[in-house]
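# Results of the structural survey
Okay, here's what each chain looks like letter by letter:
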Amino acid sequence: MVFRRLLSVSICAVVIGSPIALAVDDSIETQKAINSDSASTQSRINELDDQAKQDFQQYRSSVKRLESLEIYNRQMDRLVDSQNEEMEKIRGQIEEIDTIETGALPLMIEMTDTLAELVEADAPFLEQERQERVDNLRDLVDRADVTVGEKYRRILEAYQVELEYGRTIEAYRGDLVIDDEARRVDFLRIGRVGLYYQTLDGENSGRWNPSEDRWEKIQPSYLESVEEGLRIARDQAPPELLTLPINAPEQ
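Read on for an overview of the structure. This one's a predicted model, so the numbers in the text were calculated from it and none came from an experiment.

The next point concerns the overall build of the chain. Helix and strand content of the chain: five helices and five strands. The N-to-C order of helical and strand elements in the chain reads α-α-α-α-β-β-β-β-β-α. A total of 251 residues make up the chain; the buried ones form 24% of that total. Within the chain, residue pairs in contact and separated by at least 24 positions form 43% of the contacts whose partners lie at least 6 positions apart. Only carbon and sulfur atoms are counted for the fraction: they give 54% of the accessible area of the chain, which is about 18,500 Å².

Among the five residues of strand β4 (residues 205-209), five are classified as buried, and the element is accordingly described as predominantly covered. Neither face of β4 is left uncovered, since the one carrying S205, R207 and N209 and the one carrying G206 and W208 both have all their residues buried. The pairing of strand β3 (residues 194-199) with β4 spans three bridges and is classified as antiparallel. Among the inter-strand pairings, Y196 is bridged to a residue of β4, identified as R207. Counted along the chain from β3 to the antiparallel partner β4, the turn is five residues long, and its residue G202 has a positive phi close to 75°. Where β4 meets strand β5 (residues 214-217), four bridges bridge the pair, whose relative direction is antiparallel.

Considering only enclosed or pocket space, the largest pocket measures out at about 250 Å³ in volume. The wall of the largest pocket is formed by 14 residues, among which A123, R192, V193, W208 and P210 lie closest to the centre.

Time to look at helix α4 (residues 148-165). Along an α-helix, a turn takes 3.6 residues, which lines up residues three or four apart on a common side. Taking 1.5 Å of rise per residue, 18 residues should cover 26 Å, and α4 covers 26 Å from first to last C-alpha, within 8% of that figure. All buried positions along α4 are accounted for by V148, K151, I155, A158, E162 and Y165. The buried residues of α4 occupy an angular sector of 110° when projected down its axis, which confines them to one face.

This brings us to a negative patch on the surface. Among the surface-exposed residues, D77, D81, E85 and E86 lie close enough to one another that they form a single negatively charged patch. With respect to the helices and strands, the residue E86 is situated in helix α2 (residues 19-121).

This next bit is on the packing of helix α3 (residues 127-141) against α4. To characterise two packed helices, one gives the angle between the axes of the helices and the distance between these axes. Contact geometry for α3 and α4: axes closest at 10 Å, N-to-C directions at 165°. Between α3 and α4, the crossing angle belongs to the class labelled roughly antiparallel. In the packing of α3 onto α4, the handedness of the crossing is left-handed. Side by side, α3 and α4 meet where E129, R130, R133, L137, L140 and V141 of the first sit next to E150, K151, R154, I155, A158, V161, E162 and Y165 of the second. Each residue belonging to the contact of α3 with α4 can be placed in one class, and the counts come to seven nonpolar, no polar and seven charged.

With that out of the way, let us pick up the sheet that holds β5. Backbone hydrogen bonds hold the strands of a sheet together, and the pairing may be parallel or antiparallel. If you trace the five strands from one edge of the open sheet to the other, you get β1-β2-β3-β4-β5, paired in antiparallel fashion. One side of each edge strand has no neighbouring strand; the edge strands of this open sheet are β1 (169-178) and β5. Neighbour to neighbour, the strand axes of the sheet diverge by 30° on average, direction disregarded.

For the rest of this paragraph, the subject is the pairing of β1. Relative to strand β2 (residues 181-190), β1 runs antiparallel, the two sharing 10 bridges. Across the sheet, residue A171 finds its bridge partner in β2, namely L188. What sits between the antiparallel neighbours β1 and β2 is a turn of two residues, in which D179 has the positive phi angle 55°.

With that out of the way, let us pick up the side chain of T199. Among the structural elements, T199 can be located in strand β3. We classify T199 as buried; its relative accessible area is 2%. In this structure T199 touches I178, R183, R184, V185 and N204, once residues within four positions along its chain are discounted.

This next bit is on helix α5 (residues 223-233). For α5, the tally of buried residues reaches eight of 11 residues, placing the bulk of the element in the interior. Within α5 the residues assigned to the buried category are L223, S225, V226, E228, G229, L230, I232 and A233. The secondary structure elements touched by the buried residues of α5 are β1, β2, β3 and β4. Downstream of α5 by a residue or two, D235 has a phi angle that is positive, lying close to 60°.

The rules behind these values
Residues numbered from 1 in each chain as written. Predicted model: local features only at pLDDT ≥ 70, side-chain atom pairs only at ≥ 80, totals over all residues. Heavy atoms only, no water. Helix = DSSP H or I, 4+ residues; strand = E, 2+ residues; numbered from the N terminus. Buried < 20%, exposed > 50% of the residue type's maximum accessible area, 1.4 Å probe, protein only. Contact = heavy atoms within 4.5 Å. Areas by Shrake-Rupley, 256 points an atom, 1.4 Å probe, with all protein chains shown as cover. Pairing = 2+ DSSP bridges. 1 Å grid on protein atoms, 1.4 Å probe; cavity = no way out; pocket = protein on both sides within 12 Å on 5 of 7 lines; lining within 4 Å. Points joined across faces, edges and corners; volume = space filled by probe spheres on them. Expected span 1.5 Å × (residues − 1). Arc of directions from axis to C-beta. Patch = residues over 30% accessible without salt bridge, like charges linked within 9 Å, V, L, I, M, F, W, Y side chains within 5 Å. Salt bridge = Lys/Arg side-chain N within 4 Å of Asp/Glu carboxyl O. Lys, Arg positive; Asp, Glu negative; His and termini not counted. Charge placed at Lys NZ, Arg CZ, Asp CG, Glu CD. Axes fitted to C-alpha atoms, helices over the stretch in contact; angles between N-to-C directions. Parallel < 35°, antiparallel > 145°, perpendicular 65-115°, else oblique. Left-handed = near helix turned anticlockwise from the far one by under 90°. Nonpolar A, V, L, I, M, F, W, Y, C, P; charged D, E, K, R; others polar.

And the structure:
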């Protein structure tokens, strides 16, 4: 019995420590290592896959950004070209303005001088107002901060005002020297046909005689007509035919 047990133990020891057993153990360990490596490899593959997906998304975003930049650059190129064309037009307009101003300045000076001559030669109504208008135009023509268009517009406006005097009736109050005495009077202007005055007390009236270039008294029979003309000019009476002395146009 003792011998059988020892033999069994020896046989077991021989089996356990045999090359076959060792090979099996090595295989198991190798498989474990392979499994571990496979897990690590799979994990690495997963990481690389995720990274590849991220890189691909970044690539797509970069491509879209590049396309957007190309579209933007093309648009900017067109905008720059358009601005360059506009700048060329502006340069041309500036040159034209300089040319126009050079040619228009003598004309505007001449028109202003002609207007001054008209005011001086005309009947003496609203003298201060009209002279101030001429003086303002002369100052305006000399100003560099006012455009040529604005200067020309103001000159034409002054001519338009003078033109309106010829077809309107007006009453205004002012001072007049009568018999070497300054008196307050009412003036009546009927177009450019007649210019009259009447003292505030209604006792005296007179008219401007353009042929003699002076004021002269008129007959008392015209006092009522002058007064009625003043009332019409002030919209205090309806228009009606007035009998007043005038100078006949020279033949």
